[in-house]
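Coordinate analysis (summary)
Spelled out from the first residue to the last, the chains are:
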Amino acid sequence: MKRRDFLTLTAAGLVLPTLAHAAPLDYKPGLVEEHLDAGETVFLDFKASWCSTCAAQERVLKKLKAANPSYENVITFIDVDWDTYGKSQFASTLKIPRRSTLVVLRGDAEIGRLVAETREAKIKELMDAALAAASA
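As a starting point, this report considers the structure included with it. Everything quoted here is computed from the prediction, not taken from an experiment. (Residues numbered from 1 in each chain as written. Predicted model: local features only at pLDDT ≥ 70, side-chain atom pairs only at ≥ 80, totals over all residues. Heavy atoms only, no water.)

A look at the packing of aromatic side chains
Under the definition given, this model contains 4 aromatic pairs. With a centroid separation of 6.0 Å and an interplanar angle of 25°, the aromatic rings of F46 and F90 are classed as stacked. Placement of F46 in strand β2 (residues 41–47) and of F90 in helix α6 (residues 89–93) is noted, with a sequence separation of 44 residues between them. Site record: aromatic cluster; members linked through ring pairs are Y27, F46, Y85 and F90. Of note, K65 hangs over the ring of F77, and the distance from its end group to the ring centre comes to 3.9 Å. (Phe/Tyr/Trp six-rings, centres within 6.5 Å; stacked < 30°, edge-to-face > 60°. Helix = DSSP H or I, 4+ residues; strand = E, 2+ residues; numbered from the N terminus. Lys NZ or Arg CZ within 6 Å of the ring centre and 35° of its normal.)

Focus on helix α7 (residues 120–135)
Across its 16 residues, α7 extends 22 Å between first and last C-alpha, which sits within 8% of the 22 Å expected from 1.5 Å per residue. Among the residues making up α7, those that are buried are I123, L126, M127, A130, L131, A133 and A134. Buried residues in α7, looked at end-on, bunch into an arc of 165°, giving them a common side. α7 presents A121 and S135 as exposed residues on the side facing more than 90 degrees away from its buried surface. For α7, the secondary structure elements touched by its buried residues are β2, α3 (52–67), α4 (70–74), β3 (75–81), β4 (101–106) and β5 (109–115). (Expected span 1.5 Å × (residues − 1). Buried < 20%, exposed > 50% of the residue type's maximum accessible area, 1.4 Å probe, protein only. Arc of directions from axis to C-beta. Contact = heavy atoms within 4.5 Å.)

Digging into the pairing of β3
Regular strands place their side chains on alternate faces of the sheet. For β3, a buried count of 6 out of 7 residues is recorded, marking the element as mostly surrounded by other parts of the structure. Relative to β3, strand β1 (residues 25–26) runs parallel, the two being bridged by 2 bridges. Its bridge partner lying in β3, D26 is registered against D79. (Pairing = 2+ DSSP bridges.)

Without other data, these values stay purely geometric and don't point to any function.
In structure tokens, the structure reads:
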């Protein structure tokens, strides 16, 4: 094997696991259960493209993820489109009151939730709780 090929493959092997969690997954029925059944900690973001509170939350989430890559390495982030799934059985079962709701789940337990919260400190607390649950 050529040295250049070896270095390229090695670099790709280091980067790909990080990219696997880089972008949040888009919700579809059964996705959350699939990840919870696999023992993962799931961070749900109920959002709408037109929601200014959701946009503010997204900016904070991106900032926190950039500051601490551990979040994306061990937490599964899933975006739930409010316009599509806001009135679904899934949202009803979780008692989601509105868009801009953030929920962390692990197994059968809800680790925490925030509704319409945009303060960085509060969102960081929720993400740290998710990180602790994922690391337990």
